[in-house]
Structures are given as structure tokens and as C-alpha cells.
Amino acid sequence: PQMVSPRFYANTVVPRQQRLIAALKAYGDIHITLHVCGDVKRILPSMLETGSDILDLDWKMDMGESKRTCDRRATLRGNLDPASTLLQGTPDLVYEKSVEVIRAAAAGGGLILGSGCDVASATPYENLDAMTAAAIDMASVA
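On a predicted model such as this, the values are computed, not experimentally measured, just so you know.

(A) Spatial organisation of the pairing of strand E3 (residues 75-80). Relative to E3, strand E2 (residues 54-56) runs parallel, the two being bridged by 3 bridges. In the strand pairing of E3, Asp-56 is matched with Arg-77. Once the chain exits E2 it traverses helix H3 (residues 63-70) before rejoining the sheet at E3, and the crossover so formed is right-handed. Bridge analysis of E3 against strand E4 (residues 111-115) gives 5 bridges, and the strand direction is parallel. For Asn-79, the partnering residue across the bridge sits in E4 and is Gly-114.

In C-alpha cells form, the structure reads like this:
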């Protein structure tokens, strides 16, 4: 979204993604994940048109708002800040932020808790364990 307009994305990129995703799905029962970096609020409705099963959302996205926009048309994945939360944060902070994401987007299912982008190799295992613990503790929300 920072590089192309929502109109260009919808008219030029989406048809290409649709063809690619359809071709991949022709190989069998697979689930396609689509990740577009950054704040994709302006193109999120178009991302739903690609045929992707999972929309992997960057940490800059509001998960509650994204959930409402997607309205169960795709599973959402994300979206903890991979740097300030997962890499540099404490286990308590990771747990707290994980609970926030779960509360915002897990009701009714359709959420995979995860990082809002690539996880740095130096991320402390304790922080990943805290994210997992939050998911387990909050499992009843979904």
C-alpha cells in the first residue's frame, strides 16, 4: 500500500494473485497464505478477492478492525510486533500483547496468533513460549 494505490492493487495485482493462487490450489487441498507488508487497511478488501485462505497481517494492522472487515471470509494470522514486542520485549509484555490480539480477533474463530512479520533469529525462546502460553490460556475465547 505504500508503493501502489489501492486501485492499482485491485486492478493489476489482484488478478495476477488470483491466477497464481488458483493454479496453486489446483495441485490439491492446500491453504494459501498471503502477506503484504505494512498497513494494508486500504487494500484489505481487495486482498480478500485473491482466493487466499489466510491473510497474514503486519503488526501495524488493527486486528479487531481487520476481523470486522474480513467478516469470516479469510482466517487472519498475526500480528505481534516482531521487533519491539517479540525480539526486545519481556515475556510478560509478549503475553500481554498476545492477549490483546486474541481478544480483538479470536471470537468466532479464524485467528492464528503469530508475529506480524518475520521473527528475528535472536528472538528469545521465552518470548515465543509466552506467546504460546497466551494462546493456550485464551483458547476459550475462540
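(B) Representation of the sheet that holds E2. Strands sit in the order E1-E2-E3-E4 across an open sheet of 4 strands; the sheet is parallel. The outermost strands of the open sheet, each flanked by one partner alone, are strand E1 (33-35) and E4. Neighbour-to-neighbour, the strand axes of the sheet open up by a mean angle of 25°, direction not taken into account. Two elements, E1 and E2, share 3 bridges in a ladder whose sense is parallel. Bridged to Leu-34 within E2 is Leu-55.

(C) Layout of helix H1 (residues 6-25). If you look at H1, its biggest bend is around 40°, right at Val-13, and the proline Pro-15 turns up within four residues after that. Buried-residue contacts for H1 involve E1 and helix H2 (44-48).

(D) Structural context of the side chain of Ser-46. Along the polypeptide, Ser-46 turns up in helix H2. By relative accessible area, which is 17% here, Ser-46 ends up buried. Excluding residues within four positions of it along the chain, Ser-46 makes contact with Tyr-9, Ala-10 and Val-14.

Reading the values: the criteria
- Residues numbered from 1 in each chain as written.
- Predicted model: local features only at pLDDT ≥ 70, side-chain atom pairs only at ≥ 80, totals over all residues.
- Heavy atoms only, no water.
- Pairing = 2+ DSSP bridges.
- Helix = DSSP H or I, 4+ residues; strand = E, 2+ residues; numbered from the N terminus.
- Right-handed = clockwise from strand over helix to strand, strands pointing away.
- Axes fitted to C-alpha atoms, helices over the stretch in contact; angles between N-to-C directions.
- Bend = angle between axes of the 7 residues up to and from the residue.
- Contact = heavy atoms within 4.5 Å.
- Buried < 20%, exposed > 50% of the residue type's maximum accessible area, 1.4 Å probe, protein only.

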